[in-house]
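Structural features, examined
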Amino acid sequence: MKSLLRVTTALAAVAFAGSAFAADLPRRAAPPPIFTPVPVFTWTGAYFGINAGYAFDASDRNTGSSFGVPFPYAAPGTVATFRNRSQDGFSGGGQVGYNYQFTPGSGIVIGVEADAQYLDFGRSRNNAFISGALAPGYYVTDPRGLSSLDFFGTVRGRLGYAFDRTLIYGTGGFAYGSGSADRSFGGYAGNDSFRTGWAAGGGIEYALPTDSFLNFFRSSAVTLKVEGLYVNLDRGTRNQGALVVNAANNFPVVYSGVGRRSDEFAVVRAGLNYKFGTF
């Protein structure tokens, strides 16, 4: 019995000593936490998208401007009167472009954008009314205003400042447009079907998260924008006015300074873009 007590006491002493020794051993260090960096958004990258909005005619309308058509191109007392009807309507189309942001997050953004637009201004914007009789083979027109305005496009630079996913920008550059050259609406077949000029405006754009439900093309971001644009297609027509034109060769034979009008309009539109490139 005494021998059993000695053995039990010895085992207890050994176990206690082992516990104390284990407590003195250095503990294994816990692994450091893994941090996943959050990518910083940048506007750098190419994009394409669509837009739709409303356009407002901003032309200079000299309604009632008239001049007497001289003999032998018209009967004595014949008067041509020019009228311009203000119009507005739907505008829609698409755009492509590229942005570069100097510093990710917030910073200056530069870019270039080209767009092509349908414009629902319709026909009969500019009209020529004749009181009297023109000589056979001649017509009277005002070459400044397009008789209809159906299509326009721009190629513009963009300069803005990004506040993370919000971009405020200004824009400006080249513009072009086309319409009808139908003489019955006051058009001049010699130069009335295509015009060039300039455009300027600005807007605000916001980038949605990459996993937005609108991201059908798996782009790096989907952006929404609201933009205002002023378009002036007066280039090359500033000093022209009413003309008497030989219908056989579309050559002007009489020039008058009255009836001057312009092709200017403003567009307010919303757009959606798909951006590809850096996050």
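It should be emphasised that the depicted structure is a prediction, and the values quoted were computed from it without experimental measurement.

This part is about the overall build of the protein. Secondary structure assignment for the protein yields one helix and 14 strands. Across the 279 residues that make up the protein, the buried fraction comes to 43%. Long-range pairs, those at least 24 residues apart, make up 77% of the contacts in the protein with a sequence separation of at least 6. In the structure as shown, the protein presents an accessible area of about 14400 Å², 66% of it carried by carbon and sulfur atoms.

By secondary structure assignment, the location of Glu113 is in strand β5 (residues 106-119). Relative accessible area serves as the criterion here: at 1%, Glu113 is assigned to the buried category. Within the structure, the side chain of Glu113 is placed 3.3 Å from the side chain of Lys225, a separation counted as a polar contact. Those residues in contact with Glu113 that sit more than four places away from it in its chain are Tyr47, Gln95, Val96, Gly97, Thr154, Val155, Arg156, Arg158, Lys225 and Glu227.

If you look at the biggest cluster of nonpolar residues, it comprises twelve residues: Ala55, Leu119, Phe121, Leu149, Phe152, Ala175, Ala199, Leu229, Val231, Leu233, Phe265 and Val267. Contributions of two or more residues to this core are made by β11 (221-232) and β14 (264-276).

When you line up the elements, Arg218 lands in the loop between β10 (194-208) and β11. Here the alpha-carbon distance between Arg218 and Tyr274, two residues 56 residues apart in the chain, equals 8.7 Å.

Counted according to the given criterion, the structure contains nine salt bridges. For Glu113, the salt bridge is made with Arg158, and the minimal N-O distance between the two is 3.9 Å. On the criterion of sequence distance, the pair formed by Glu113 in strand β5 and Arg158 in strand β8 (residues 151-163) is long-range, its members being 45 residues apart. Of the two residues, Glu113 and Arg158, neither departs from the other in class, the shared state being buried. Taking the shortest distance from any N to any O, the salt bridge between Arg269 and Glu227 comes out at 2.8 Å.

With antiparallel pairing, eight strands are arranged side by side around a closed barrel as β1-β4-β5-β8-β9-β10-β11-β14. Each strand axis lies, on average, 25° off the axis of its neighbour in the sheet, ignoring direction. Judged from the eleven bridges that link them, strand β4 (residues 88-101) and β5 form a sheet pairing that is antiparallel. Residue pairing across strands places Ser91 opposite Leu119, the latter belonging to β5.

Counted along the chain from β4 to the antiparallel partner β5, the turn is four residues long, and its residue Gly105 has a positive phi close to 90°. Two strands pair when backbone bridges link them, and β5 and β8 are joined in this way by 13 bridges, in the antiparallel orientation. Paired with Ile110 across the strands is Leu159, a residue of β8.

Time to look at the confidence of the model for the protein. Taken as a whole, the protein shows an average pLDDT of 79; of its residues, 69% reach a score of 70 or greater. When mean pLDDT is taken per element in the protein, β8 scores highest with 97 and helix α1 (residues 2-24) scores lowest with 51.

On to the packing of aromatic side chains, then. Counting across every chain of the model gives eleven aromatic pairs. Aromatic pair Phe41 and Trp43: ring centres 5.5 Å apart, planes at 85°, arrangement edge-to-face. Accessibility assignment for this pair places Phe41 and Trp43 in one class, buried. The aromatic ring of Tyr169 is capped on one face by Arg158, whose charged end is 4.3 Å from the ring centroid.

This part is about the environment of Asn246. Mapped onto the fold, Asn246 is located in strand β12 (residues 242-246). Judged by relative accessible area, Asn246 falls into the buried class, the value being 19%. Each C-alpha atom, one on Asn246 and one on Tyr73, is 9.3 Å from the other, the two residues being 173 residues apart in sequence. Setting aside residues up to four positions removed in sequence, Asn246 forms contacts with Gly137, Tyr138, Phe251 and Val253.

Reading guide: rules and limits
- Residues numbered from 1 in each chain as written.
- Predicted model: local features only at pLDDT ≥ 70, side-chain atom pairs only at ≥ 80, totals over all residues.
- Heavy atoms only, no water.
- Helix = DSSP H or I, 4+ residues; strand = E, 2+ residues; numbered from the N terminus.
- Buried < 20%, exposed > 50% of the residue type's maximum accessible area, 1.4 Å probe, protein only.
- Contact = heavy atoms within 4.5 Å.
- Areas by Shrake-Rupley, 256 points an atom, 1.4 Å probe, with all protein chains shown as cover.
- Polar contact = N/O pair within 3.5 Å; in protein donor to acceptor, adjacent residues only side chain to side chain.
- Core = buried A, V, L, I, M, F, W, Y, C linked by side-chain atoms within 4.5 Å.
- Salt bridge = Lys/Arg side-chain N within 4 Å of Asp/Glu carboxyl O.
- Pairing = 2+ DSSP bridges.
- Axes fitted to C-alpha atoms, helices over the stretch in contact; angles between N-to-C directions.
- pLDDT = per-residue confidence, 0-100.
- Phe/Tyr/Trp six-rings, centres within 6.5 Å; stacked < 30°, edge-to-face > 60°.
- Lys NZ or Arg CZ within 6 Å of the ring centre and 35° of its normal.

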